[in-house]
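Given next are the chains, with one letter for each unit.
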Amino acid sequence: MAKIRHNNILDTVDSVLAVSKKKGIIHLHAEDQSLNGRSLTLNGNKVLHFGTCGYLGLEHHPEVKRGAIEAIERFGTQFPMSRTYISNPLYSELEGLIREMYQAPVVISKNCTLAHLTTIPSIIRQTDLVILDHQAHASIQEAVKKMLSQGVAVEMIRHNNLEMLEDRIKKQRNKYERIWYMADGVYSMYGDYAPIKEMIALAEKYEQLYLYVDDAHGMSWAGKHGTGYVMSQMEGGLYRKMVLTANLGKGFGACGGLSLFPNEEWYHKVNNFGGPLTFSVQIEPGTLGAALASARIHLSNEIYTYQEELQQKIAYCNKLLNATGLPLVHENNSPIFFIGTGTMEMGNYLVQELIRAGIYVNLATFPAVPAKNIGIRITISLKNAFEDIALMVNILQAKFNEALAATNQTDANIRKAFKMAVAPAEPLAVAAPATSNLTLQSYTSIESINEVVWNNYLGNRAMFDWQGMKFLEASFRENEQQENNWDFRYYVVTDAAGKILLMTYTAIALHKEDMFSQASISQAIEKERLINPYYLTSKGIIMGGLFTEGSHLYLDRESPYWKEALQALLKELQADQEKEQVSNILLRDFDADDQEMHEFMIDEGFIKIELPESCVIEHLNGQSEEEYVSALSQKNRRHFVQKIKRNQHYFDVQIKSSLPEDELAYAIRLFRNVKNNNFAINSFHFPEKLFRLINESKDWEFVVLTIKEEYASIRTPVAICFCHINADQVYSPMLIGMDYDYLMEFGIYRQTLFEVIKRANARGCRQVNFGISASIEKKRIGAVLYPKVGYYQAKDNFAMEMIGATYTIERE
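Now for a look at the structure at hand. Small disclaimer: the values here were computed from a predicted structure and weren't measured.

## Here we look at the pairing of strand β10 (residues 336-342)
The element β10 is extensively covered by neighbouring structure, given that 7 of its 7 residues are classed as buried. In β10, alternate side chains face the same way, and those of Ile336, Phe338, Gly340 and Gly342 on one face and Phe337, Ile339 and Thr341 on the other are all buried. Two elements, β10 and strand β13 (residues 374-379), share 6 bridges in a ladder whose sense is antiparallel. The residue bridging Phe338 from the neighbouring strand is Arg377, located in β13.

## Some thoughts on the environment of Asn160
Along the chain, Asn160 falls in the loop between β5 (153-157) and α6 (162-172). A distance of 3.4 Å separates polar atoms of two side chains, one belonging to Asn160 and the other to His159. Within the structure, Asn160 has its side chain in polar contact with the backbone oxygen of Tyr193 (distance 3.0 Å).

## Here's the deal with the sheet that holds strand β6 (residues 178-184)
Hydrogen bonds between backbone groups are what pair the strands of a sheet, and the pairing can be parallel or antiparallel. Here 7 strands make up an open sheet; going across it, the order is β3-β9-β8-β7-β6-β4-β5 and the pairing mixed. The sheet is open, and its two borders are formed by β3 (106-109) and β5, each paired with just one other strand. This sheet shows a mean twist of 20 degrees between the axes of neighbouring strands, independent of strand direction. When strand β4 (residues 128-133) meets β6, the two strands line up parallel, connected through 5 bridges. If you follow Asp128 over to β6, its bridge partner there is Arg178. Running at roughly 165 degrees to β5, helix α28 (residues 798-806) makes contact with β4 and β5 of the sheet.

## Concerning α6
Along α6, the positions that sit buried rather than exposed are Leu162, Leu165, Glu166, Arg168, Ile169 and Gln172. Buried residues in α6, looked at end-on, bunch into an arc of 160 degrees, giving them a common side. Summarising the geometry of α6, the exposed residues directed more than 90 degrees from the buried face are Glu163 and Lys171. Structurally, α6 contributes buried residues whose contacts are with β4, β5, β6, α7 (196-205) and β7 (209-214).

## Some remarks on the sheet that holds strand β11 (residues 359-360)
Read across the sheet, 3 strands follow the order β1-β2-β11 without closing on themselves; strand pairing throughout is mixed. In the strand order of this sheet, the two ends are held by β1 (39-42) and β11, each with one partner. Relative to β11, strand β2 (residues 45-49) is paired through 2 bridges, and the arrangement is parallel. Along β11, the bridge assignment pairs Leu48 with Ile359.

## Focus on a nonpolar patch on the surface
Residues Met81, Tyr85 and Ile86 make up a contiguous nonpolar surface patch of roughly 330 Å² in combined accessible area. Here Tyr85 shows up in the loop between α2 (62-75) and α3 (89-102). The class for Tyr85 is exposed, based on a relative accessible area of 66%.

## Observations regarding the pattern of salt bridges
With the rule as written, the count across this model stands at 42 salt bridges. Between Glu63 and Arg66 there is a salt bridge, with its nearest N and O atoms 2.6 Å apart. Placement of the pair is Glu63 and Arg66 together in helix α2, with a separation of 3 residues, close to one helical turn. Under the relative-accessibility criterion, Glu63 is labelled partly exposed at 41%. A salt bridge links Arg692 to Glu661; the shortest N-O distance between them is 2.7 Å. Placement of Arg692 in helix α24 (residues 688-696) and of Glu661 in helix α23 (residues 661-676) is noted, with a sequence separation of 31 residues between them. Exposure remark for Glu661: the relative accessible area of 51% places this residue in the exposed category. Salt bridges sharing common partners tie together Glu204, Glu207, Arg240 and Lys241.

Each value, and the rule that gives it
- Residues numbered from 1 in each chain as written.
- Predicted model: local features only at pLDDT ≥ 70, side-chain atom pairs only at ≥ 80, totals over all residues.
- Heavy atoms only, no water.
- Buried < 20%, exposed > 50% of the residue type's maximum accessible area, 1.4 Å probe, protein only.
- Helix = DSSP H or I, 4+ residues; strand = E, 2+ residues; numbered from the N terminus.
- Pairing = 2+ DSSP bridges.
- Polar contact = N/O pair within 3.5 Å; in protein donor to acceptor, adjacent residues only side chain to side chain.
- Axes fitted to C-alpha atoms, helices over the stretch in contact; angles between N-to-C directions.
- Contact = heavy atoms within 4.5 Å.
- Arc of directions from axis to C-beta.
- Patch = residues over 30% accessible without salt bridge, like charges linked within 9 Å, V, L, I, M, F, W, Y side chains within 5 Å.
- Areas by Shrake-Rupley, 256 points an atom, 1.4 Å probe, with all protein chains shown as cover.
- Salt bridge = Lys/Arg side-chain N within 4 Å of Asp/Glu carboxyl O.

Now the structure itself:
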């Protein structure tokens, strides 16, 4: 199986956050000598604090602080033992108060993440199915991922989509003992709620359905005794089939995770041997003392005064925001507000300007939200005065208008990105007019573009010269299978003088969402596709399509208007996305080290993904085999002698401009043999028409390897390479078919690679584009490896996160 460099989601996240860090948006340090919850000092400037999760400000309550101080004086700064042996004296007291609040048994962990890691493995069994809400908190999803390797089945549904949940229950209930639906009570980004009452009704309808709900952001500011939003939606206490987790941080004013159970059996199962409870250090005495003091407040009438005061401030903020017409994504009575900005560029700009103006808010970025659903997250706490809220909204409105103009964004585009109704009123701002006077032309056929012009700017690079594009248009139109019918788009951007600044092409095509996933993931998904061939597939706009390889974008980086030219292209692609109901856009094969391009694309709402390296044999000049080999490194010359030269005598090699019908059919079978054995890049099978047009084209030829009669009984070819020669003498072996029965014994793949180089040399070609995958083998015969990245934008993260959360990666 060919090995390629796969994308690592952590690298993607790092690449996005690094841009915001560079702009001073995240990873900041408060510079205050003391804190009051109302303001912070950042970069020497005092700002009003609208980013806290301490919704009731209890971390500054005198009794809570006194509780922490007294606990430290009595018990020290820590109690360094496992709770399996002995717990700090304050634990049992705190457990008693929490039990009194919730009227349910509770296990207390050091934080909410550890609560999930403690509880989920203790109650979930291999006979269970876990169904995740798409927006369930990352800490839940991380705990569930650990269950995948233990054989637990995991699925995901779209956010709050109970119809989708019920459909999964109906289809899966005969396979599993229990089905667990996992969700948040209050979602941390948009501040919206889980439909708790409807979820319970569904659990009553289906006895196999159990609920696991994290109410970290709902605690304290809602519910009897501040037990949270979820408890406020239930009559008669904790639902009999629900495990509830909550947080002693955030609104509670201390720190720790709560796991609450509807029965003593589950409580004992988790408390007796919940992994982190056994192996992790306990909560510090000072934190336990603060939590005890807060619990006493929660059990008094004082908590209701705080809840009412916060609701007044939340209502006031809602009223002011409604008057502005700003794109508030969800309106409710939670203390979390989300204002959409759409692009990262506008989100970064707006947060920067708000900080300069004395207002701090959170930037909500990928992966917490999709890359085109960036926004600012505003939280209201009791420490925010009414006049602070009014000032924040006034400044926000002014800076939002300014950000629209500065980043060429529109209110309508933001609302479309969030699937909100477009405001009937005048736009909040009009983008500044472009001064570069660029023109973008879009075409649906290569025949609309002059052949010499195309080949001069773009077609000289690889298989996609003018004739090559004409070939692809014929190959991927009017086919029986929907995945093999592509809509081609060609884009040319010129400046006021008519000079071409940008040229590229895309294909609108159905593709597999796991195209660049680990092979083990694709193999698992393909089992699902035996029943549903189009499972986890979507229509995308893909630069370069799904057949060609190489640099598909000509961009004049010397022009002062190159960014405007690229923005014009992105705007057109997004218009096509809406018009054609396309799920995602993938711009391919950019240089991995181009930091300027990276920051530009992140600002435009795209995320960087690692792609396989491009392998190129450069500077061919018709040299002999000996001359070519002598130019290799000493290590690679040794590899050539040991792995290629010693096998050359086994083979007869033929170059054919076309194949008879029976040989073509055999060549197609060999190619599909390779395709079916290689999930490194998982794509659909190409149509029969493609191979027939290759056979008829003067721009293609076949390098055919057959084992000589004296070495094997097989008389048919063991390898056939389908090779394209472009108008600029670039040789591209696009497809290969191999007989795997002879692959290892005779070193067929390595031999074919070298025969391709020999053939390119004999034709006087200047370069061989060896494409992607098997980069180590290609490097050994002289290929230069160019790390490549793509830029990806999806309407939502569902498919990507579902694959990441529900499939386990196995070692290849």
